[in-house]
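In case you want the letters, here they are:
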Amino acid sequence: MPVHFNNAGAGLMPAAVTQAVTDYLAEEADGGSYEAEQRHADTLEREVYETLGRVIDAPSDDIALFDSATRAWSSVVSHIPFAAGDRVWVTPYEYAGNLILWTELRRRLDLRVEVVPVLPDGDLDLDWMSTHIGDDVAFVSVPHVPSGCGIVTPVEEIGKILAPWRCYYGVDGCQAVGQLPVSATSIGCDLLTGAGRKFLRGPRGTGFAAISPRLREAVALPFYDLHIADMTGGDDYEVHSTGARRLEYAERSNSSVMGLQAAARHHLARTDDGPGMVREAVREAIAQLPGTRLIDPGSRHASIVTFVHDRMPARDVQGALHTAGVNVWTAQGSHTPLYMNAVGVEAAVRVSPHYYNSMAEVETFARVLRDVLR
Ligand SMILES: Cc1ncc(COP(=O)(O)O)c(C=O)c1O
C-alpha cells in the first residue's frame with residue numbers, strides 16, 4: 001500500500017464506502033436497477049440529504065446532489081439573475097473552474113469582477129471588505145480552502161461582514177468538507193459546494209451543494225426534471241418542490257449516491273482530532289530540506305502543504321515519490337491562477353495528508369523526499 005498523501009485529489013475510500021457501492025451495483029445487476037432504486041428509496045430520496053446536511057450543518061431541504069463540485073457550483077451560479085454593472089468579489093484563492101465561469105458571466109452580463117486584496121501574510125483583508133461592501137456587490141465567492149495551497153479563509157467572519165447586505169455569499173467547500181468542521185449555518189452563506197471524493201473519502205463523480213431558500217428562489221432555472229416536475233396539460237408544467245433538488249437532474253448514479261451516503265456516515269462517526277498533527281509534521285519535514293520553498297500563505301493552515309524545489313520540477317518530484325511508494329500531486333499554478341501567478345509558481349508539489357495517515361508514514365515521506373531531492 002502506498003503512503004497516500006493526495007487527499008486533496010481524492011481520499012482513500014473506507015471499506016464501508018466501497019462495500020456500499022459494490023453491494024448496490026450487485027443488486028442492480030442481479031435484480032434490476034429500477035427495482036433496487038425502489039428498495040433503497042428511503043436512503044436515496046431522504047437519508048442521504050439528511051446525512052449530508054449533518055456533515056455541513058445545513059437543512060436537508062437545502063441539499064442537492066451533483067456529479068462534481070464544479071457542477072454543483074455552476075448549476076447555481078450560472079442561473080443567478082445578475083444585472084449589468086453588478087460587482088462580484090472573488091479572492092486570489094479562487095479555483096480556476098469558478099474563475100472561468102465568472103469570466104464568461106462577466107462578458108455575457110457586463111459584471112465587474114473584483115479581487116479582494118490580501119494582507120502581506122496572505123490573509124484576506126477583512127477591513128477592506130468591511131469598508132468596500134455595498135449594495136452593488138451581488139455575489140461574494142470565497143474558497144474555504146483553495147486547491148493550490150493550504151490557507152483556511154475566515155468564512156464565518158466574512159459571513160458576518162456580508163450579512164446586512166444584499167449580496168449572495170458562495171463558499172467553495174471542496175477542499176474543506178471532511179478535513180475541517182464546516183457549518184453552512186454558522187458561515188451564513190447562500191451556497192456551499194463540495195465534492196465527495198476528497199477529504200470526505202466518498203466515490204468519484206459525486207458533488208453536492210447547500211443552497212439557501214433565498215438563493216434558490218432567485219435562480220432562474222431553464223429546466224426542471226421529472227423527479228420534481230410534471231406536465232399538467234399540453235402547454236404547462238408544475239414543479240412540486242421548493243427544495244434544492246429543483247436544481248438536480250433526475251438520472252444519477254445511485255451506486256455512487258449510496259457510496260456518498262456511506263462516506264458521510266463514516267465521517268460523522270469519526271472521533272479523531274483531524275489531520276493537524278500529521279500536517280505539521282509534513283510541513284516541518286519539507287521545510288527542513290535545503291532548496292524547498294513552502295507556498296504557505298495566511299495565518300491558518302489546512303492539511304494541504306505545497307512547495308517548490310529550486311532544482312527539481314514539481315512533476316518530477318511527484319513522479320519520483322510515486323515510484324518510491326508515496327502519493328502526492330502536482331498543483332498546477334493555473335488551477336489557482338490569481339494567487340499562484342502573483343507568487344510566480346507554475347507548479348508546486350501538493351502534499352495533503354488526512355487523519356488516517358500516521359506519523360510513521362510521515363517518516364517514510366520525509367526519508368523518501370530527502371533521497372529524491374538529494
Ligand atoms: C477548491 C476547489 N474547488 C473546486 C474544485 C472542483 O471540484 P470538482 O473536480 O469535483 O469539480 C476543486 C478540485 O480540485 C477544488 O480544489
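Residues numbered from 1 in each chain as written. Predicted model: local features only at pLDDT ≥ 70, side-chain atom pairs only at ≥ 80, totals over all residues. Heavy atoms only, no water.

A. Broad picture of unusual backbone geometry. Not every positive phi belongs to a glycine, and D57 is a case in point at roughly 50°. Within the element layout of this structure, D57 appears in the loop between α3 (41-55) and β2 (63-66). A positive phi is found at D110, a non-glycine position, where the angle reads about 65°. Relative to the helices and strands, D110 resides in the loop between α5 (96-109) and β4 (112-115). When its relative accessible area of 51% is taken as the criterion, D110 is described as exposed. (Helix = DSSP H or I, 4+ residues; strand = E, 2+ residues; numbered from the N terminus. Buried < 20%, exposed > 50% of the residue type's maximum accessible area, 1.4 Å probe, protein only.)

B. A look at the environment of G148. With respect to the helices, strands and loops of the structure, G148 is situated in the loop between β5 (137-143) and α7 (155-162). On the accessibility criterion, G148 (1% relative accessible area) is buried. Spatially, the C-alpha atom of G148 lies 9.3 Å from that of A8, the residues being 140 residues apart in sequence. Filtering out sequence-adjacent residues up to four positions away, G148 remains in contact with T306, A331, T336 and M340. (Contact = heavy atoms within 4.5 Å.)

C. Main features of the nonpolar core. Counting 58 residues, the largest nonpolar core has L52, I56, L65, M129, V140, Y169 and L192 as its most contacted members. When residues of this core are assigned to their parent elements, the largest contribution, five residues, is made by α3. Apart from residues no more than four positions distant in its own chain, Y169 is found in contact with F139, V140, V142, V155, I158, G159, L162, I187, G188, C189, D190 and L191. Core analysis: the second largest hydrophobic core is formed by 29 residues, L99, W102, V219 and L247 among them. (Core = buried A, V, L, I, M, F, W, Y, C linked by side-chain atoms within 4.5 Å.)

Nothing here speaks to function; it is geometry throughout.
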